[in-house]
Amino acid sequence: MRLRTASLRHLVPVVVVVTILLLTSMPSAAQVPPPSVDAAARAAIVDEIVSALEEAYIFLETAEAMGAHVRERLASGAYDDAGDLVAFTDRLTRDLQEVSKDLHLRVSWDPRRPEDGAGGPSDEERRAMQLEQMRSQNFCFDRLERMAGNVGYLKLDCFAPAEVAGPTAIAAMNFLANSDALIIDLRANGGGSPSMIQLLTSYLLEEPTHLNSFYVRQSDSTQQFWTQAWVQGPKLSDVPVWVLTSGRTFSAAEEFSYNLRNLERANLVGETTGGGAHPVQGYRLDEHPVSVSLPYGRAINPISGTNWEGTGVEPHVAVPAGEALATAHRQALERLAAEEGDPQRRARLEFAVQTVELRQRAPVALSPSQLDQYVGTFGPRRITRDGADLVYQRGEGARVVLVPAGDDVFLFGADDQFRIRFERVAGGEVARLVGLYADGREEAHSRE
């Protein structure tokens, strides 16, 4: 038996993305109710899945152990109350993963094509729906930004195949080309295609570099993945890189992180990743509308000689995922400031470091009586209260809500180029307002 790769998947090794699998199946599943399944069908499904696993799953002994486990569960009646294919395939997935600990291995109901008699869309229609849904989500390029200190930021929520998402990736990397440091946020990234890993990493490395290999048991062969020698636009090979991770970072997103960590090309900040390293192919059963996400190979890093399966990728700096961006931004700014020779530019970077630190602890809770201490007129600047907010206005200019950051310091709304410090006299009364600018200037006004 030769594995039949599900036609809805690309015919290349794919470090599976939970996100993309959902995109592939959701349109059909939403339109067709899951069929019921009887004892004979459950037995036939288990038989074919076990045969496929024993033929192609990356570890034969594990495949045999999984087969023995689900056959025992079937014989014991553990699946008798699973009346439809969604309930049954969910149980199979749970039991197979209980033995293998392989989060890439999944069994799912797969609504069939119209010619199969089940009313589902054709393979061509499914591919078109998948492509349109990926396009509508900008191929997972969720956010691009130039942060304070000229730190580039990319939030990437999956690794879409480069053959369809390449132009978007190239545009993103060219937007970031003038950054002095780069943050790549993979905290919500469930994985995807090695081709996108190759493309993005090619911008970060000057010379062609061996990133990863996949060993395939069925063919006893190994496929290598290297960066490209040439990319469209400038490379960022000299730009320091930070990668943000979480427990949700999975599969191809883990490979990207693991590759850069082993190459000492990036600083990882956040949480240990999910721990899924096996490439998969989709396998569709002959007689039943069921598909298997079947891990057929294992990743081999050329530096470590192993991979992150079951262990995840550990960050260099372990912090809760919600704190990873601010932590990485502060580290990037501190490094840039330490390396900056121009005093004025260094002062701007140090101001940005302070702002990031203040935003991490803001807003500080202040009581109404504490807020009232700051109300007043300070030269052309007027401070008023609007409910629980302290509001700044200069002349007839815009009203801006001040964000308390502690020690009589307030952030100026979302503006990172200016903040306010209040100064007190010996008795504790607020006497002066000092405007602090990113270029080092200070503008002080006494209270009237």
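Refer to the structure printed above.
This write-up is about the structure you can find in this document. Source: prediction; values computed, not measured.

Reading the values: rules and limits
Residues numbered from 1 in each chain as written. Predicted model: local features only at pLDDT ≥ 70, side-chain atom pairs only at ≥ 80, totals over all residues. Heavy atoms only, no water. 1 Å grid on protein atoms, 1.4 Å probe; cavity = no way out; pocket = protein on both sides within 12 Å on 5 of 7 lines; lining within 4 Å. Points joined across faces, edges and corners; volume = space filled by probe spheres on them. Helix = DSSP H or I, 4+ residues; strand = E, 2+ residues; numbered from the N terminus. Phe/Tyr/Trp six-rings, centres within 6.5 Å; stacked < 30°, edge-to-face > 60°. Buried < 20%, exposed > 50% of the residue type's maximum accessible area, 1.4 Å probe, protein only. Contact = heavy atoms within 4.5 Å. Pairing = 2+ DSSP bridges. Axes fitted to C-alpha atoms, helices over the stretch in contact; angles between N-to-C directions. Salt bridge = Lys/Arg side-chain N within 4 Å of Asp/Glu carboxyl O. Disulfide = S-S within 2.5 Å.

1. Observations concerning the layout of surface pockets
Here is step 1: Estimates place the volume of the second largest pocket at around 290 Å³.
Here is step 2: Along the wall of the second largest pocket there are 16 residues; nearest its centre are Gly149, Asn150, Arg345, Arg348 and Leu349.
Here is step 3: Among the elements of the structure, strand 2 (141-147), helix 10 (343-361) and strand 18 (415-424) are those that each provide at least two residues to the lining of the second largest pocket.
Here is step 4: Top element by residues in the lining of the second largest pocket is helix 10. It accounts for five residues.

2. Things to note about the packing of aromatic side chains
Here is step 1: According to the stated counting rule, one finds 13 aromatic pairs in the structure shown.
Here is step 2: With centroids separated by 6.5 Å and ring planes inclined at 65 degrees, the aromatic side chains of tyrosine 57 and phenylalanine 59 adopt a geometry described as edge-to-face.
Here is step 3: Judged by its relative accessible area of 1%, tyrosine 57 is buried.
Here is step 4: Its relative accessible area of 35% is what places phenylalanine 59 among the partly exposed residues.
Here is step 5: For the pair tyrosine 258 and tryptophan 308, a centre-to-centre distance of 5.2 Å together with 50 degrees between the ring planes defines the contact as tilted.

3. Considerations on helix 8 (residues 252-262)
Here is step 1: Burial within helix 8 is extensive, with nine of its 11 residues counted as buried.
Here is step 2: Turning to helix 8, its buried residues are Ala252, Ala253, Glu254, Glu255, Phe256, Ser257, Tyr258, Asn259 and Leu260.
Here is step 3: Residues of helix 8 that are buried make contact with strand 4 (181-185), helix 7 (194-202), strand 5 (210-216), strand 7 (241-245) and strand 8 (266-270).

4. Thoughts on unusual backbone geometry
Here is step 1: Following alanine 362, the chain continues to proline 363 via a peptide bond in cis, the omega torsion being -5 degrees.
Here is step 2: Tracing the chain through its elements places proline 363 in the loop between helix 10 and helix 11 (368-372).
Here is step 3: Positive phi outside glycine occurs at aspartate 220, with the angle close to 50 degrees.
Here is step 4: Here aspartate 220 shows up in the loop between strand 5 and strand 6 (221-226).
Here is step 5: Relative accessible area serves as the criterion here: at 57%, aspartate 220 is assigned to the exposed category.
Here is step 6: Positive phi, close to 55 degrees, is recorded for aspartate 407, a residue that is not glycine.
Here is step 7: For aspartate 407, the position within the fold is in the loop between strand 16 (400-406) and strand 17 (409-412).
Here is step 8: With relative accessibility at 67%, the residue aspartate 407 sits in the exposed group.

5. Observations concerning the sheet that holds strand 15 (residues 389-394)
Here is step 1: Read from one edge to the other, the open sheet built from eight strands follows the order 13-14-15-16-17-18-19-20, with strand pairing classed as antiparallel. Edge positions in the sheet fall to strand 13 (376-378) and strand 20 (442-446), since each of these pairs with one other strand and no more. Direction aside, the axes of adjacent strands within the sheet are offset by 30 degrees on average.
Here is step 2: The sheet contact formed by strand 14 (residues 381-386) and strand 15 spans six bridges and is antiparallel. Within strand 15, the position partnered with threonine 384 by the bridge is valine 391.
Here is step 3: Contacting strand 16, strand 17, strand 18 and strand 19 (430-437), helix 10 crosses the sheet at an angle of about 75 degrees to strand 18.

6. Quick look at the pattern of salt bridges
Here is step 1: For the structure on display, the rule yields 27 salt bridges.
Here is step 2: With a shortest N-O distance of 2.9 Å, aspartate 110 and arginine 126 are connected by a salt bridge. With aspartate 110 in the loop between strand 1 (106-109) and helix 5 (123-136) and arginine 126 in helix 5, this residue pair connects regions lying 16 residues apart in the sequence.
Here is step 3: In this structure aspartate 110 comes out as buried when scored by relative accessible area, which is 3%.
Here is step 4: For arginine 399, the salt bridge is made with aspartate 386, and the minimal N-O distance between the two is 3.8 Å. Taken as a pair, arginine 399 in the loop between strand 15 and strand 16 and aspartate 386 in strand 14 lie far apart in primary sequence, 13 residues in all.
Here is step 5: One network of salt bridges, in which partners are shared, links Arg421, Glu423, Arg432 and Glu442.

7. Let's talk about the state of the cysteines
Here is step 1: For the structure on display, the rule yields one disulfide.
Here is step 2: A disulfide bridge connects cysteine 140 with cysteine 158, and the sulfur atoms are separated by 2.1 Å. Of note, the bridge from cysteine 140 to cysteine 158 carries an S-S torsion of about 90 degrees and is right-handed in sense. Separated by 18 residues along the polypeptide, cysteine 140 in the loop between helix 5 and strand 2 and cysteine 158 in the loop between strand 3 (151-156) and helix 6 (162-175) bring together distant segments of the chain. Residue cysteine 140 shares its accessibility class with cysteine 158, and that shared class is buried.

Keep in mind these values describe shape, not function.
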